[in-house]
Amino acid sequence: MKLISYQYNGKDSYGAVVGDRVVDLGEVYGGRAPDLKAFIAADLALDASAKVAAAKATLPLNEVTLQPVIPNPGKIFCIGLNYGEHIRETGKEVTEKPVIFLRVADSQVAHGEDIVRPRVSERLDYEGEIAIVIGKGGRHISEADSWSHIAGYSCYNDGSVRDWQVHTSQWAPGKNFWKTGAFGPWMVTADEIAPDQKMTLVTRLNGQELQRATTDMMVHSIPRQIAYISAFLPLAAGDVIVTGTPGGVGNKRTPQVFMKPGDVCEIEVDAIGVLRNGIRDE
């Protein structure tokens with residue numbers, strides 16, 4: 001299934017995308033699962049698939065306002081320096097353990113919503129990535145068991161304000177400007193993507209391809225990321241792990257390329273879909 005969070009007629013809900021229609025699962029599950037995070041925590045995907053197949057009342061997809069896939073994640077972990085080409089272009093070294101930083105929910109926008117270039121910088125860079133959404137929570141999850149803890153996969157643009165990212169050794173300011181990251185358009189449930197399936201990630205700015213990689217090129221695999229993070233914090237349903245960007249970021253190009261108002265950035269993952277956002281000034 002393709003699951004989305006959205007607003008329709010002023011009401012927040014979530015549902016399953018079927019072609020150009022949406023089955024409103026918030027209406028189906030009501031108080032039992034009022035949002036997509038609660039739906040995931042209640043492990044309702046299998047039950048919902050039958051209801052979606054039988055549904056007759058649906059909404060037009062083009063009439064709902066999409067939200068970030070999980071609008072209210074408990075935690076957003078991002079993996080830095082996780083593709084060899086990106087490590088080389090930044091002049092860094094491969095690390096024995098994953099490089100991890102955090103994003104906050106307010107730094108995200110949905111598919112189709114404009115990413116906001118902040119008034120204090122013009123160095124807004126793209127970073128195409130694949131996000132995983134945790135289904136079954138846990139602590140000290142082994143790499144062998146990690147796939148069973150994934151609810152689904154989505155596209156992510158880890159938009160980064162480069163000058164603010166390097167003010168100090170801590171990246172958090174440059175990675176958390178309001179509405180600079182993007183998450184969507186939907187979550188493809190894990191039953192539709194095989195464990196360790198090779199996925200292709202492509203980033204385009206105004207139609208020009210700037211990044212391309214496959215998931216087998218990751219330095220630290222998805223199972224290793226889950227195992228490492230769950231060793232220091234319990235993972236919970238709806239938590240998000242953004243798995244790293246490949247080489248080709250704008251900051252390291254000659255000449256440099258940054259997102260500016262009027263641009264359109266696309267993050268495409270072959271097994272998921274296309275995340276598309278315009279850019280505007282704050």
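About the thresholds
- Residues numbered from 1 in each chain as written.
- Predicted model: local features only at pLDDT ≥ 70, side-chain atom pairs only at ≥ 80, totals over all residues.
- Heavy atoms only, no water.
- Helix = DSSP H or I, 4+ residues; strand = E, 2+ residues; numbered from the N terminus.
- Buried < 20%, exposed > 50% of the residue type's maximum accessible area, 1.4 Å probe, protein only.
- Contact = heavy atoms within 4.5 Å.
- Polar contact = N/O pair within 3.5 Å; in protein donor to acceptor, adjacent residues only side chain to side chain.
- Pairing = 2+ DSSP bridges.
- Core = buried A, V, L, I, M, F, W, Y, C linked by side-chain atoms within 4.5 Å.

Draft legend 1. Focus on the environment of L201. Among the secondary structure elements, L201 is positioned in strand β15 (residues 200-205). The class for L201 is buried, based on a relative accessible area of 1%. A C-alpha to C-alpha distance of 7.5 Å links L201 and I130, two positions 71 residues apart in sequence. Beyond its immediate sequence surroundings of up to four residues, L201 is in contact with G128, E129, Q211, R212, A213, P246, I267, E268 and V269.

Draft legend 2. Structural context of the side chain of S13. If you trace the backbone, S13 turns up in strand β2 (residues 11-18). Polar side-chain contacts of S13 include one of 2.6 Å to the side chain of D24. Apart from residues no more than four positions distant in its own chain, S13 is found in contact with S5, Y6, D24, G26, E27 and Q67.

Draft legend 3. Seen up close, the pairing of strand β1 (residues 2-8). Note: β1 against strand β14 (residues 181-189), two bridges, orientation antiparallel. Among the inter-strand pairings, K2 is bridged to a residue of β14, identified as V188. Here β1 runs beside β2; their pairing, made up of seven bridges, is antiparallel. Paired with K2 across the strands is V17, a residue of β2. Counting the residues between successive antiparallel strands, the hairpin from β1 to β2 contains two residues, one of them, N9, with a positive phi of roughly 50°.

Draft legend 4. View of the nonpolar core. Core analysis: the biggest nonpolar cluster contains 46 residues, and I4, Y153, I226, L235, I241 and I272 have the highest contact counts within it. Beyond its immediate stretch of four places on either side in the chain, I272 contacts I130, Y153, S154, C155, W186, V188, I193 and M199. In this structure, A48, I70, V133 and V242 belong to the second largest nonpolar core, which totals 28 residues.

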